[in-house]
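Tertiary structure, described
Spelled out from the first residue to the last, the chains are:
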Amino acid sequence: MHHGFQLDTSVPDYNGPLSPLDKTAFRKSIPVLGLRVPATQTGSILKSEVARKYLVGIPKVRPVVPDPSAPDDETQRLVLLGLNREADIPQEFLKFLKAKGDDFDFVPYELILNYDHWTASEILQAILPKELREGAPTGFAATGHIAHMNLNEEYLPYKHVIGQIFLDKNKYIRTVVNKLDNIDTRFRFFEMEILAGEQNLVVEHHEADCRFTFDFSQVYWNSRLHTEHQRIVDMLKPGEVLADVFAGVGPFALPAAKKGCAVLANDLNPNSFKYLTQNIQDNEVTETVRASCEDGRDFIRAVFSRVATSPFPPYMGPKPSKTKARKLEKEAKKSGSAMPHDDWPSTKPVLPQSRNTIDHFVMNLPDTAIQFLDAFRGVLVSHSLRPFYYKMPMIHCHCFTRELQQDEAVQDIQRRVGEKLGHPITEDVSITLVRSVAPGKDMYCVSFRLPSEVAYCVEAPDGRISKARDTSTFVSVDQLD
Ligand SMILES: C[S@@+](CC[C@H](N)C(=O)[O-])C[C@H]1O[C@@H](n2cnc3c(N)ncnc32)[C@H](O)[C@@H]1O
């Protein structure tokens, strides 16, 4: 049961300037009673059920403090109570103390709460005018050291103070930004304004055991895609080759490489390319990830012959962790051998062949990725490529749809993909809801095996489809629907 005494711990109303915030204005003095006790008794008092009912009980406030009248006296302590008048002390508590002996007395104590005591939301509520309190921002998304949010217009006059409070109250945050509504239509990064903290938008962010560095104001990054990145990487088998058409700074490419895949990662944004290159180095996957900076369509058309003429080396099995590698090195030194012969890099590759074909494409540019699919028409027409592809690559293509019913969304996506390829997709097709991006707009990923009819078809420069000579697998796209 509560003892019925309530201390007023609410944040004092704030009337000071918004910029800079006057933090001293939040100082609040709360008179309470201290129970002076021998230091040896504090433990048993704090544990007692009766006494616990009357302790100060304010979150983050320690109930036992040194006695201010004798701060150096180690033998005395004050136990702070949630009462401020001796007359209010209940009989049951006095009885409890009496039973313990005579060494107790009550003294007035000034408990001070300040800016650091209250949560960001509590401080914000005290600052904002009444009409803005209800819808006030309650949190933010964090990427590396940056907190980012999307403030509604009515909060803009308070943007810097909001930034300041979030900065003060979160020790991992060093910069607070407001994302403006302008998104760069081509490269998908947001315009943003720094509200508080360091003027530094280059973040270091960790996802899937990889370290990503990038300038948040120059490249695309969305931490909400984490599970989608993971889902796609889970579909890849170690040793396979992935072509990432819209790679950004590498959230598919690098985890895939760590898993043992070889990756061709492309992005048209020169800044994405710059950080992608840095991330490849930082994650020590330079041997298996190749970065490029070109239009997705050109990349798709070039990448098949690129990997055929410069294959990736055979897959050597999982790379040992750094600690394991160090241990192996030590053991090797001890035993005098160059490298332990039965471990990585093994003399016997897990997959003996060099890797000259592509197993998967990922195309995460949901606004327009489907528009790029026609680039696959005829990609394997060249005679030199044909013998390599006894199995067509899988394509994982992200897209949006306005069809909110799953069945209709699936039909809509399948139709649009088929139209762009010039051939229906039938093999290994799966269509997965990734997330709802806005009211009335869902993001999906359609996975399918590239129809060989598309890869082997020939398109004349004037757009007419004609039959590729001497190939039995050829089907003209005209004949297909
Ligand atoms: C939605 S982001 C995805 C980035 C990354 N794959 C991820 O999951 O975070 C799309 C990327 O495509 C890049 N991009 C846009 N248009 C492109 C094009 N025509 N060719 C290649 N890349 C393009 C953008 O710069 C951006 O990095």
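Definitions and cut-offs
- Residues numbered from 1 in each chain as written.
- Predicted model: local features only at pLDDT ≥ 70, side-chain atom pairs only at ≥ 80, totals over all residues.
- Heavy atoms only, no water.
- UniProt positions renumbered as here; feature names shortened; annotations may be inferred.
- Helix = DSSP H or I, 4+ residues; strand = E, 2+ residues; numbered from the N terminus.
- Phe/Tyr/Trp six-rings, centres within 6.5 Å; stacked < 30°, edge-to-face > 60°.
- Buried < 20%, exposed > 50% of the residue type's maximum accessible area, 1.4 Å probe, protein only.
- Lys NZ or Arg CZ within 6 Å of the ring centre and 35° of its normal.

Identification of the protein as tRNA (guanine(37)-N1)-methyltransferase from Marasmius oreades is taken from an unreviewed UniProt entry. Comment text from UniProt for the protein, heading Catalytic activity (unreviewed entry), reads "guanosine(37) in tRNA + S-adenosyl-L-methionine = N(1)-methylguanosine(37) in tRNA + S-adenosyl-L-homocysteine + H(+)". What UniProt records for the protein under Function (unreviewed entry) is the sentence "Specifically methylates the N1 position of guanosine-37 in various cytoplasmic and mitochondrial tRNAs. Methylation is not dependent on the nature of the nucleoside 5' of the target nucleoside. This is the first step in the biosynthesis of wybutosine (yW), a modified base adjacent to the anticodon of tRNAs and required for accurate decoding."

Considering unusual backbone geometry
In this chain, S19 is followed by P20 through a cis amide linkage whose omega measures -5°. Here P20 lies in the segment before β1 (28-38). With a phi close to 50°, D428 is a non-glycine residue in the positive phi region.

Remarks on the packing of aromatic side chains
The relative placement of two aromatic rings is captured by the distance of their centres and the angle of their planes. Across all of its chains, the model carries 13 aromatic pairs by this definition. Aromatic side chains Y54 and F93 sit 5.2 Å apart centroid to centroid with 35° between the ring planes, which places their arrangement in the tilted category. Of this pair, Y54 sits in the loop between α2 (49-52) and β2 (64-65) while F93 sits in helix α3 (residues 91-100), and the two are 39 residues apart along the sequence. Of the two residues, Y54 and F93, both sit in the buried class. With 4.9 Å between their ring centres and 90° between their planes, F361 and F376 make a pair best called edge-to-face. Highlighted residues: F361 in strand β14 (residues 360-363) and F376 in the loop between β14 and β15 (394-401), separated in sequence by 15 residues. Taken together, the ring pairs in this structure connect F212, F214, F216 and W221 into an aromatic cluster. A cation sits over an aromatic face here: R290 above F312, 3.8 Å from the ring centre. Between K441 and the ring centre of F400, over which it is positioned, the NZ or CZ distance is 4.3 Å.

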